[in-house]
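As a plain string of letters, each chain reads:
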Amino acid sequence: MTVPAQVAHVNSPTEQRNPRTTEIDRMPTIGILGLINAEDRRVPEAVGEVLPLLADAVDLAVEALRGGGRVHYVGAGTSGRLAVLDAAELIPTFNVQPGLFVAHHAGGDRALREPVENAEDDSKAGAAELAASVQPGDFVLGLTASGRTPYVLGALASASSYGARTALVSGNPGALRPAGVDVLIPVDTGPEVIAGSTRMKAGTAQKVVLTAFSTATMIKLGQTYSNLMVSMKATNAKLRGLTLRILREATGASDQDCADALADAGGDLKVALMHLLCGCDAATAAEMLAANGGHVRNALTACTC
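Caption draft 1: A look at the overall build of the protein. Each helix and strand in the protein was counted, giving 12 helices and five strands. Dimensions of the protein, computed from the C-alpha atoms along their principal axes, are close to 80 × 50 × 35 Å. A total of 305 residues make up the protein; the buried ones form 44% of that total. Summarising the internal contacts of the protein: among those between residues at least 6 apart in sequence, 66% fall at separations of at least 24. Total accessible area computed for the protein in this model is approximately 15100 Å², and 52% of it derives from carbon and sulfur atoms.

If you want it as C-alpha coordinates, here you go:
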(Lines give C-alpha, C1' and ligand atoms only; values in the text may rest on other atoms or scores of the structure.)
Protein backbone atom coordinates (compact mmCIF):
# COMPACT_ATOMS: atom_id res chain seq x y z
CA MET A 1 0.00 0.00 0.00
CA THR A 2 1.35 3.41 -0.99
CA VAL A 3 1.19 6.16 1.61
CA PRO A 4 -0.51 9.28 0.16
CA ALA A 5 1.89 12.12 -0.64
CA GLN A 6 0.05 14.66 1.46
CA VAL A 7 -0.06 13.26 4.96
CA ALA A 8 0.12 15.27 8.20
CA HIS A 9 0.86 13.59 11.51
CA VAL A 10 -0.48 15.70 14.36
CA ASN A 11 1.10 15.27 17.78
CA SER A 12 -1.72 16.49 19.95
CA PRO A 13 -3.66 15.09 22.93
CA THR A 14 -6.82 15.30 20.83
CA GLU A 15 -5.45 12.65 18.45
CA GLN A 16 -4.44 10.16 21.14
CA ARG A 17 -6.53 7.21 22.31
CA ASN A 18 -8.40 7.88 25.53
CA PRO A 19 -7.66 5.11 28.07
CA ARG A 20 -10.97 5.81 29.80
CA THR A 21 -13.07 5.01 26.72
CA THR A 22 -11.45 1.94 25.15
CA GLU A 23 -14.44 -0.25 26.05
CA ILE A 24 -17.08 2.25 24.93
CA ASP A 25 -18.29 0.05 22.07
CA ARG A 26 -19.18 -2.70 24.58
CA MET A 27 -21.33 -0.46 26.76
CA PRO A 28 -25.12 -0.07 26.89
CA THR A 29 -26.51 3.22 25.59
CA ILE A 30 -26.70 4.87 29.01
CA GLY A 31 -23.10 3.88 29.69
CA ILE A 32 -21.93 5.45 26.42
CA LEU A 33 -23.77 8.67 27.21
CA GLY A 34 -22.48 8.71 30.79
CA LEU A 35 -18.90 8.34 29.60
CA ILE A 36 -19.28 11.15 27.04
CA ASN A 37 -20.81 13.35 29.71
CA ALA A 38 -17.97 12.63 32.14
CA GLU A 39 -15.42 13.66 29.52
CA ASP A 40 -17.41 16.79 28.65
CA ARG A 41 -17.20 17.90 32.29
CA ARG A 42 -13.44 18.28 31.84
CA VAL A 43 -13.93 21.13 29.37
CA PRO A 44 -14.77 24.02 31.76
CA GLU A 45 -11.70 23.29 33.87
CA ALA A 46 -9.48 23.29 30.79
CA VAL A 47 -10.91 26.64 29.68
CA GLY A 48 -10.47 27.99 33.21
CA GLU A 49 -6.73 27.37 32.98
CA VAL A 50 -6.36 29.83 30.08
CA LEU A 51 -8.60 32.67 31.29
CA PRO A 52 -5.69 35.15 31.74
CA LEU A 53 -4.73 34.60 28.10
CA LEU A 54 -8.34 34.87 26.99
CA ALA A 55 -8.56 38.16 28.91
CA ASP A 56 -5.64 39.47 26.84
CA ALA A 57 -7.53 38.57 23.67
CA VAL A 58 -10.69 40.31 24.93
CA ASP A 59 -8.75 43.47 25.72
CA LEU A 60 -7.22 43.49 22.23
CA ALA A 61 -10.67 43.06 20.69
CA VAL A 62 -12.12 45.89 22.78
CA GLU A 63 -9.22 48.13 21.78
CA ALA A 64 -9.81 47.30 18.11
CA LEU A 65 -13.55 47.97 18.24
CA ARG A 66 -13.16 51.21 20.20
CA GLY A 67 -10.68 52.35 17.58
CA GLY A 68 -13.13 51.77 14.73
CA GLY A 69 -11.76 48.36 13.75
CA ARG A 70 -13.41 44.98 13.39
CA VAL A 71 -13.05 41.51 14.89
CA HIS A 72 -12.39 38.57 12.57
CA TYR A 73 -12.82 34.89 13.37
CA VAL A 74 -10.90 32.32 11.30
CA GLY A 75 -11.48 28.58 11.41
CA ALA A 76 -11.95 25.35 9.47
CA GLY A 77 -14.39 22.49 9.99
CA THR A 78 -16.00 22.54 13.44
CA SER A 79 -13.96 25.58 14.46
CA GLY A 80 -15.13 27.59 11.47
CA ARG A 81 -18.77 26.59 11.90
CA LEU A 82 -18.71 27.62 15.56
CA ALA A 83 -17.12 30.93 14.58
CA VAL A 84 -19.89 31.63 12.06
CA LEU A 85 -22.51 30.80 14.71
CA ASP A 86 -21.01 33.11 17.31
CA ALA A 87 -20.67 36.04 14.91
CA ALA A 88 -24.27 35.61 13.73
CA GLU A 89 -25.72 35.45 17.25
CA LEU A 90 -24.10 38.73 18.31
CA ILE A 91 -26.36 40.66 15.93
CA PRO A 92 -29.69 40.03 17.72
CA THR A 93 -28.21 39.54 21.20
CA PHE A 94 -26.24 42.79 21.37
CA ASN A 95 -27.53 44.64 18.29
CA VAL A 96 -24.06 44.41 16.79
CA GLN A 97 -23.79 46.00 13.36
CA PRO A 98 -23.51 43.30 10.68
CA GLY A 99 -19.92 43.08 9.50
CA LEU A 100 -18.39 44.19 12.79
CA PHE A 101 -17.61 40.56 13.65
CA VAL A 102 -16.56 38.72 10.48
CA ALA A 103 -16.26 34.92 10.35
CA HIS A 104 -13.91 33.39 7.76
CA HIS A 105 -14.48 29.67 7.20
CA ALA A 106 -12.20 27.49 5.08
CA GLY A 107 -14.18 26.37 2.05
CA GLY A 108 -16.74 29.18 2.32
CA ASP A 109 -20.49 28.80 2.74
CA ARG A 110 -20.58 25.34 1.22
CA ALA A 111 -18.27 24.05 3.97
CA LEU A 112 -20.85 25.02 6.58
CA ARG A 113 -23.00 22.09 5.45
CA GLU A 114 -20.53 19.59 3.99
CA PRO A 115 -16.77 18.97 3.97
CA VAL A 116 -14.75 20.67 1.24
CA GLU A 117 -11.70 18.62 0.28
CA ASN A 118 -8.34 20.13 1.28
CA ALA A 119 -9.88 23.53 2.16
CA GLU A 120 -8.24 23.60 5.59
CA ASP A 121 -4.84 22.74 4.07
CA ASP A 122 -4.78 25.84 1.86
CA SER A 123 -2.68 28.41 3.70
CA LYS A 124 -2.65 30.68 0.65
CA ALA A 125 -6.46 30.83 0.65
CA GLY A 126 -6.48 31.88 4.29
CA ALA A 127 -3.82 34.51 3.65
CA ALA A 128 -5.67 35.87 0.61
CA GLU A 129 -9.02 36.06 2.39
CA LEU A 130 -7.63 38.13 5.26
CA ALA A 131 -5.57 40.27 2.92
CA ALA A 132 -8.80 41.20 1.15
CA SER A 133 -10.71 42.16 4.29
CA VAL A 134 -8.46 43.00 7.26
CA GLN A 135 -7.39 46.55 8.12
CA PRO A 136 -4.68 47.90 10.43
CA GLY A 137 -6.12 48.03 13.94
CA ASP A 138 -8.44 45.04 13.46
CA PHE A 139 -8.30 41.99 15.74
CA VAL A 140 -8.22 38.43 14.39
CA LEU A 141 -9.01 35.33 16.46
CA GLY A 142 -8.03 32.02 14.91
CA LEU A 143 -9.39 28.67 16.09
CA THR A 144 -7.84 25.27 15.50
CA ALA A 145 -7.99 21.97 17.37
CA SER A 146 -4.61 20.81 16.08
CA GLY A 147 -2.73 24.09 16.45
CA ARG A 148 -1.45 23.71 12.88
CA THR A 149 -4.37 24.21 10.46
CA PRO A 150 -2.68 25.84 7.43
CA TYR A 151 -5.72 27.91 6.40
CA VAL A 152 -5.91 29.45 9.87
CA LEU A 153 -2.18 30.03 10.31
CA GLY A 154 -1.92 31.55 6.83
CA ALA A 155 -4.76 33.91 7.67
CA LEU A 156 -3.18 34.98 10.97
CA ALA A 157 0.24 35.60 9.41
CA SER A 158 -1.37 37.66 6.65
CA ALA A 159 -3.48 39.66 9.10
CA SER A 160 -0.44 40.42 11.24
CA SER A 161 1.49 41.66 8.22
CA TYR A 162 -1.34 44.13 7.51
CA GLY A 163 -1.21 45.59 11.03
CA ALA A 164 -3.90 43.57 12.81
CA ARG A 165 -3.44 42.09 16.29
CA THR A 166 -4.02 38.37 16.53
CA ALA A 167 -4.73 35.45 18.86
CA LEU A 168 -5.04 31.70 18.33
CA VAL A 169 -7.22 29.29 20.30
CA SER A 170 -5.55 25.89 20.02
CA GLY A 171 -6.50 22.45 21.31
CA ASN A 172 -2.84 21.41 21.21
CA PRO A 173 -0.90 22.61 24.28
CA GLY A 174 2.35 21.29 22.81
CA ALA A 175 2.21 23.38 19.65
CA LEU A 176 4.57 26.34 19.42
CA ARG A 177 3.26 29.87 18.92
CA PRO A 178 3.01 30.35 15.14
CA ALA A 179 4.42 33.37 13.36
CA GLY A 180 2.12 36.38 13.47
CA VAL A 181 0.26 35.36 16.64
CA ASP A 182 0.27 37.84 19.54
CA VAL A 183 -1.64 35.68 22.05
CA LEU A 184 -1.64 31.87 22.05
CA ILE A 185 -4.51 30.27 24.00
CA PRO A 186 -3.84 26.52 24.36
CA VAL A 187 -6.87 24.69 25.79
CA ASP A 188 -5.88 21.19 26.91
CA THR A 189 -9.03 19.06 26.88
CA GLY A 190 -7.02 15.83 26.52
CA PRO A 191 -7.87 12.79 24.38
CA GLU A 192 -11.31 12.71 22.81
CA VAL A 193 -13.89 10.02 23.62
CA ILE A 194 -13.37 8.87 20.03
CA ALA A 195 -9.72 9.44 19.12
CA GLY A 196 -9.29 12.42 16.82
CA SER A 197 -12.98 13.43 16.82
CA THR A 198 -12.32 17.07 17.67
CA ARG A 199 -15.96 18.05 17.20
CA MET A 200 -16.34 16.67 20.72
CA LYS A 201 -14.37 18.13 23.67
CA ALA A 202 -12.10 20.33 21.57
CA GLY A 203 -15.14 21.75 19.75
CA THR A 204 -17.04 22.22 23.00
CA ALA A 205 -14.07 24.09 24.45
CA GLN A 206 -13.95 26.38 21.43
CA LYS A 207 -17.67 27.10 21.78
CA VAL A 208 -17.13 27.95 25.47
CA VAL A 209 -14.16 30.18 24.60
CA LEU A 210 -16.02 31.98 21.80
CA THR A 211 -19.10 32.63 23.93
CA ALA A 212 -16.99 33.94 26.81
CA PHE A 213 -14.79 36.01 24.49
CA SER A 214 -17.59 37.75 22.63
CA THR A 215 -19.78 38.24 25.72
CA ALA A 216 -16.93 39.74 27.74
CA THR A 217 -16.09 42.01 24.80
CA MET A 218 -19.68 43.23 24.64
CA ILE A 219 -19.79 43.84 28.40
CA LYS A 220 -16.58 45.89 28.26
CA LEU A 221 -18.09 47.96 25.45
CA GLY A 222 -21.18 48.76 27.53
CA GLN A 223 -23.62 46.55 25.67
CA THR A 224 -25.14 45.34 28.93
CA TYR A 225 -26.49 47.01 32.05
CA SER A 226 -25.78 44.80 35.06
CA ASN A 227 -26.46 41.33 33.63
CA LEU A 228 -29.25 42.50 31.33
CA MET A 229 -29.21 42.55 27.50
CA VAL A 230 -30.04 46.23 27.10
CA SER A 231 -28.64 46.37 23.56
CA MET A 232 -30.78 43.46 22.38
CA LYS A 233 -32.52 43.71 19.02
CA ALA A 234 -36.17 42.70 19.48
CA THR A 235 -36.95 40.86 16.24
CA ASN A 236 -39.86 38.67 17.37
CA ALA A 237 -42.74 38.58 19.87
CA LYS A 238 -40.72 36.73 22.52
CA LEU A 239 -37.89 39.25 22.40
CA ARG A 240 -40.31 42.19 22.47
CA GLY A 241 -41.75 40.73 25.66
CA LEU A 242 -38.23 40.28 27.02
CA THR A 243 -37.50 43.94 26.29
CA LEU A 244 -40.32 45.01 28.59
CA ARG A 245 -39.22 42.53 31.24
CA ILE A 246 -35.66 43.89 31.14
CA LEU A 247 -36.92 47.43 31.61
CA ARG A 248 -39.17 46.35 34.47
CA GLU A 249 -36.41 44.45 36.25
CA ALA A 250 -33.83 47.20 35.78
CA THR A 251 -36.08 50.04 36.91
CA GLY A 252 -38.92 48.62 39.00
CA ALA A 253 -41.38 50.53 36.80
CA SER A 254 -44.76 49.14 35.78
CA ASP A 255 -45.36 47.39 32.48
CA GLN A 256 -47.30 50.39 31.23
CA ASP A 257 -44.59 52.88 32.18
CA CYS A 258 -42.00 50.66 30.52
CA ALA A 259 -44.10 50.39 27.36
CA ASP A 260 -44.59 54.16 27.29
CA ALA A 261 -40.87 54.80 27.82
CA LEU A 262 -40.00 52.38 25.05
CA ALA A 263 -42.46 54.07 22.69
CA ASP A 264 -41.04 57.52 23.52
CA ALA A 265 -37.55 56.13 22.84
CA GLY A 266 -38.55 54.84 19.42
CA GLY A 267 -37.96 51.28 20.56
CA ASP A 268 -34.41 51.96 21.79
CA LEU A 269 -34.06 49.96 25.01
CA LYS A 270 -31.03 51.87 26.30
CA VAL A 271 -32.72 55.24 25.78
CA ALA A 272 -35.85 54.01 27.55
CA LEU A 273 -33.72 52.71 30.41
CA MET A 274 -31.90 56.03 30.78
CA HIS A 275 -35.23 57.88 30.76
CA LEU A 276 -36.67 55.71 33.52
CA LEU A 277 -33.55 55.64 35.70
CA CYS A 278 -32.38 59.22 35.24
CA GLY A 279 -35.65 61.05 34.65
CA CYS A 280 -34.46 62.87 31.53
CA ASP A 281 -36.52 62.95 28.33
CA ALA A 282 -35.78 60.56 25.49
CA ALA A 283 -33.81 63.09 23.43
CA THR A 284 -31.56 63.99 26.35
CA ALA A 285 -31.13 60.32 27.23
CA ALA A 286 -30.00 59.59 23.67
CA GLU A 287 -27.52 62.48 23.80
CA MET A 288 -26.10 61.28 27.12
CA LEU A 289 -25.65 57.77 25.78
CA ALA A 290 -23.95 59.03 22.63
CA ALA A 291 -21.58 61.14 24.70
CA ASN A 292 -20.63 58.08 26.76
CA GLY A 293 -20.13 55.59 23.95
CA GLY A 294 -23.47 53.89 24.58
CA HIS A 295 -22.37 52.79 28.06
CA VAL A 296 -25.44 53.04 30.32
CA ARG A 297 -23.61 53.10 33.66
CA ASN A 298 -21.24 55.82 32.51
CA ALA A 299 -24.13 57.84 31.11
CA LEU A 300 -26.03 57.52 34.39
CA THR A 301 -22.98 58.73 36.31
CA ALA A 302 -22.74 61.77 34.05
CA CYS A 303 -26.48 62.48 34.08
CA THR A 304 -27.49 65.74 35.81
CA CYS A 305 -31.25 65.51 35.18
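Caption draft 2: A look at the sheet that holds strand β5 (residues 183-186). The five strands are arranged β2-β1-β3-β4-β5 in an open sheet whose pairing can be described as parallel. Each edge of the open sheet carries a strand with a single partner, namely β2 (101-105) and β5. Geometrically, the sheet is characterised by an average inter-axis angle of 15° between neighbouring strands, direction not taken into account. Across four bridges, strand β4 (residues 165-170) lies against β5 in parallel orientation. Paired with Leu168 across the bridge in β5 is Leu184. The sheet strands contacting helix α6 (residues 150-161) are β1 (71-75), β2, β3 (139-144) and β4, and the helix crosses β4 at an angle near 160°.

Basis of the calculations
- Residues numbered from 1 in each chain as written.
- Predicted model: local features only at pLDDT ≥ 70, side-chain atom pairs only at ≥ 80, totals over all residues.
- Heavy atoms only, no water.
- Helix = DSSP H or I, 4+ residues; strand = E, 2+ residues; numbered from the N terminus.
- Buried < 20%, exposed > 50% of the residue type's maximum accessible area, 1.4 Å probe, protein only.
- Contact = heavy atoms within 4.5 Å.
- Areas by Shrake-Rupley, 256 points an atom, 1.4 Å probe, with all protein chains shown as cover.
- Pairing = 2+ DSSP bridges.
- Axes fitted to C-alpha atoms, helices over the stretch in contact; angles between N-to-C directions.

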